[in-house]
Amino acid sequence: MTQFDKRNISMMMDFYEMTMANGYFETGGEKARVAFDVFYRRNPDGGGFSIFAGLAQIIDYVENMHFSAEDVEYFRAQNIFSEGFLNYIANFKFHGDIYAFPEGTIMYPNEPFMTVIADLIDAQLIETAILTQVNHQSLIATKARRIVRAAEGRFVSDFGARRAHNMDAATLGARAAFIGGVNGTATVSAGQTFGIPVNGTMAHSWVMYFRDEFEAFRRYAEVYPKNTTLLIDTYDVIHSGVPNAIRVAKEVLEPAGNRLRGVRIDSGDLAYLSKRVRKMLDDAGLNDCKIIVSNSLDEFTITSLLSQGAAIDSFGVGERLITAKSEPVFGAVYKIVAVEEGGTFTPRIKVSENVEKITNPGLKDVYRIYDADGHAVADMLALIGEKIDLSQPFRYIDPVKPWKQRAFANCTARKLFRLYVKDGRRTENLPTLNEIREYVRQQLDNEIWQEEQRFENPHRHYLDMSPNYYEMKMNLLYKTRSQMNG
């Protein structure tokens, strides 16, 4: 990811992927065709939805996946892999297919948002890379959307790089946050790599370097007269910071025809201070000067600040965004769902005593169902290629309450899966980051119920099944349980 290293990120995998791949090779299973689904079981922070992010990086990964001579030597030194297998990976290229939701799609628990169809070794070796990208970027994009929603239209910027877990997490986290709706980032690598607007103000060190606060503010205004935003909490916000900022506005900026763009507060009681600062600025005729705040913000603190009437125009959100601190694990998983036998994919199911861990087997289509007003009322799993005719009432099954007779009436359906990788190569140009971000906004503004977007007790989005798919799953589950019982 970083521009100045020579890593082969194909090596970013769990070791068991190689032991499994070697085992498949030694038992003659390397050319078996299989299907794996990627899905997750629970929305972070008790939310009503998540945002799919990271697809572009996954496609880049599979297109460039390879093992260098040094990589092969590393595996040889482990003394557990056969020479035949090592020769196999020395010439390895991914040749599978990847179906996925468009990046930025609003998604829900237990539905596959990506399916990999490939030879068994190909499918096994990309597991960790897929999950790493999806789990990180989907988590940050979802968290960012919550923060943006809490800000109620105010400017939000990602200030998180210095609290990110590493450089890649900072850069890709900024990408994901932009997909989720933040307006910009302070992370230069993200601005350069992805075209995200970059922004930032002065540091406390600037203020502390000069003899006094006024001189620091004056010097900054002289260097950046068209974009002067002053950090006013180094010493005393009310008795020093704001008076010196006003003085600079009157004595330095306004005589040259410029205006003080903003002031930033990075500590203290942000609700109280922002209201005091706003009054002082307004009394000085600086009604257009924006108040920016930072300091361990998230959707909960922002909601609290605004409920207190805080006079804040912009939020700089750092550690609690870039690490999704309140719930830092997304939990997407990668499970085999079908194996090709005699030219036909036969479904596989994982059975568990925990109902939520029983997988949805087989190749499948995922549909989003819309009512007559264009609202997404449910998602539905169907057999791959199954005809879904909504021109008349269509019976479906709620797997949570299968005994109820339900039907979609006056509805339309959109198939969510698209083929993005065929035989290891992308099938189409991917959307720009701005287009992905706009796709997220359009869905949340026009399709997804506001009740699903609540922070507390959001409405549950239904994941239904076509009768044919439900019957297949129940028959497979019954057959599997019967085999387990002898």
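In this text, all values refer to a predicted model and were calculated from it rather than measured experimentally.

1. Overview of the pairing of strand β6 (residues 155–158)
Part 1: Looking at chain direction, β6 and strand β11 (residues 314–317) are connected through four bridges and run parallel. Following the sheet pairing, Ser-157 is matched in β11 by Gly-316.
Part 2: Relative to strand β7 (residues 184–185), β6 runs parallel, the two sharing two bridges. Opposite Asp-158, over in β7, you have Thr-185 as the bridge partner.
Part 3: As for the winding sense of the linkage, the β-α-β connection from β6 through helix α7 (residues 167–180) to β7 is right-handed.

2. Structural notes on the environment of Ser-352
Part 1: Counting through the fold element by element, Ser-352 comes out in the loop between β13 (344–347) and β14 (364–370).
Part 2: Distance in space between the C-alpha atoms of Ser-352 and Trp-206 is 59 Å, their sequence separation being 146 residues.
Part 3: Excluding its chain neighbours within four sequence positions, the residues that come into contact with Ser-352 are Lys-357 and Ile-358.
Part 4: Of note is the side chain of Ser-352, whose polar atom sits 3.0 Å from the backbone nitrogen of Asn-354.

3. Overview of the packing of helix α1 (residues 15–26) against helix α4 (residues 83–90)
Part 1: Put simply, α1 and α4 touch, their axes get as near as 10 Å, and they point 110 degrees apart. Compared by their axis directions, α1 and α4 come out roughly perpendicular. The handedness of the crossing between α1 and α4 is right-handed. Mapping the contact onto sequence places Met-18, Ala-21, Asn-22 and Phe-25 in α1 and Gly-84, Phe-85, Tyr-88 and Ile-89 in α4.
Part 2: The residue inventory of the contact of α1 with α4, partitioned by class, reads six nonpolar, two polar and no charged.

4. Some points on the packing of α7 against helix α15 (residues 433–446)
Part 1: Where α7 contacts α15, the two axes come as close as 7 Å, and the packing angle between them is 45 degrees. Taken together, the axes of α7 and α15 lie oblique to each other. Across the interface between the two elements, Arg-175, Phe-178 and Ile-179 from α7 touch Leu-433, Asn-434, Ile-436, Arg-437 and Val-440 from α15.
Part 2: In terms of residue class, the contact of α7 with α15 is built from five nonpolar, one polar and two charged.

5. A closer look at empty space enclosed by the protein
Part 1: The full count for this structure, using the stated rule, is two cavities of 30 Å³ or more.
Part 2: In this model, the largest cavity occupies a volume close to 90 Å³.
Part 3: Taken together, Pro-44, Gly-47, Gly-48, Phe-49, Thr-142, Arg-145, Arg-146, Arg-149, Glu-452, Gln-453, Arg-454 and Phe-455 form the lining of the largest cavity.
Part 4: Taken as a whole, the second largest cavity holds about 30 Å³ of empty space.
Part 5: Considering the residues around the second largest cavity, the lining is formed by Leu-55, Ala-56, Glu-103, Leu-430, Pro-431 and Ile-436.
Part 6: Class assignment of the residues belonging to the lining of the second largest cavity gives a composition of five nonpolar, no polar and one charged.

6. Observations regarding helix α12 (residues 270–283)
Part 1: The first and last C-alpha atoms of α12 sit 20 Å apart over 14 residues, in line with the 20 Å expected at 1.5 Å per residue.
Part 2: Along α12, the positions that sit buried rather than exposed are Leu-270, Ala-271, Leu-273, Ser-274, Val-277, Arg-278 and Leu-281. The buried residues of α12 occupy an angular sector of 160 degrees when projected down its axis, which confines them to one face. α12 presents Lys-279 and Asp-283 as exposed residues on the side facing more than 90 degrees away from its buried surface.
Part 3: Among the structural elements, α11 (237–253), β9 (262–265), β10 (290–293) and α13 (299–307) are those in contact with the buried residues of α12.
Part 4: A positive backbone phi angle near 80 degrees is found at Gly-285, which sits one or two residues after α12.

7. Here we look at the sheet that holds strand β21 (residues 462–465)
Part 1: Pairing is mixed across the open sheet formed by four strands, whose spatial order is β18-β14-β15-β21. With one partner strand each, in any of the chains shown, β18 (412–415) and β21 form the two edges of the open sheet. Averaged over neighbouring strand pairs, the angle between their axes works out to 30 degrees when direction is ignored.
Part 2: The sheet contact formed by β14 and strand β15 (residues 376–383) spans seven bridges and is antiparallel. If you follow Tyr-367 over to β15, its bridge partner there is Met-380.

8. Some points on the packing of aromatic side chains
Part 1: A complete count under the given rule lists 20 aromatic pairs for this structure.
Part 2: Measuring from centroid to centroid gives 4.5 Å for Phe-36 and Tyr-334, while their planes differ by 15 degrees, and the two rings are stacked. Within this pair, whereas Phe-36 is found in strand β1 (residues 33–39), its partner Tyr-334 is found in strand β12 (residues 333–341), the two being separated by 298 residues in sequence.
Part 3: Taking the relative accessible area as the measure of exposure, Phe-36 reaches 6% and is therefore buried.
Part 4: By relative accessible area, Tyr-334 is classed as buried at 4%.
Part 5: Centroid distance Phe-67 to Phe-92: 6.0 Å. Interplanar angle 55 degrees. Geometry classified as tilted. Within this pair, whereas Phe-67 is found in the loop between α2 (55–64) and α3 (69–76), its partner Phe-92 is found in the loop between α4 and β3 (97–100), the two being separated by 25 residues in sequence. Each member of the pair, Phe-67 as well as Phe-92, is classed as buried.
Part 6: Feature note: the residues Phe-15, Phe-25, Phe-67, Tyr-74, Phe-75, Phe-81, Phe-85, Tyr-88 and Phe-92 constitute an aromatic cluster, connected by ring pairs.

Basis of the calculations
- Residues numbered from 1 in each chain as written.
- Predicted model: local features only at pLDDT ≥ 70, side-chain atom pairs only at ≥ 80, totals over all residues.
- Heavy atoms only, no water.
- Pairing = 2+ DSSP bridges.
- Helix = DSSP H or I, 4+ residues; strand = E, 2+ residues; numbered from the N terminus.
- Right-handed = clockwise from strand over helix to strand, strands pointing away.
- Contact = heavy atoms within 4.5 Å.
- Polar contact = N/O pair within 3.5 Å; in protein donor to acceptor, adjacent residues only side chain to side chain.
- Axes fitted to C-alpha atoms, helices over the stretch in contact; angles between N-to-C directions.
- Parallel < 35°, antiparallel > 145°, perpendicular 65-115°, else oblique.
- Left-handed = near helix turned anticlockwise from the far one by under 90°.
- Nonpolar A, V, L, I, M, F, W, Y, C, P; charged D, E, K, R; others polar.
- 1 Å grid on protein atoms, 1.4 Å probe; cavity = no way out; pocket = protein on both sides within 12 Å on 5 of 7 lines; lining within 4 Å.
- Points joined across faces, edges and corners; volume = space filled by probe spheres on them.
- Expected span 1.5 Å × (residues − 1).
- Buried < 20%, exposed > 50% of the residue type's maximum accessible area, 1.4 Å probe, protein only.
- Arc of directions from axis to C-beta.
- Phe/Tyr/Trp six-rings, centres within 6.5 Å; stacked < 30°, edge-to-face > 60°.

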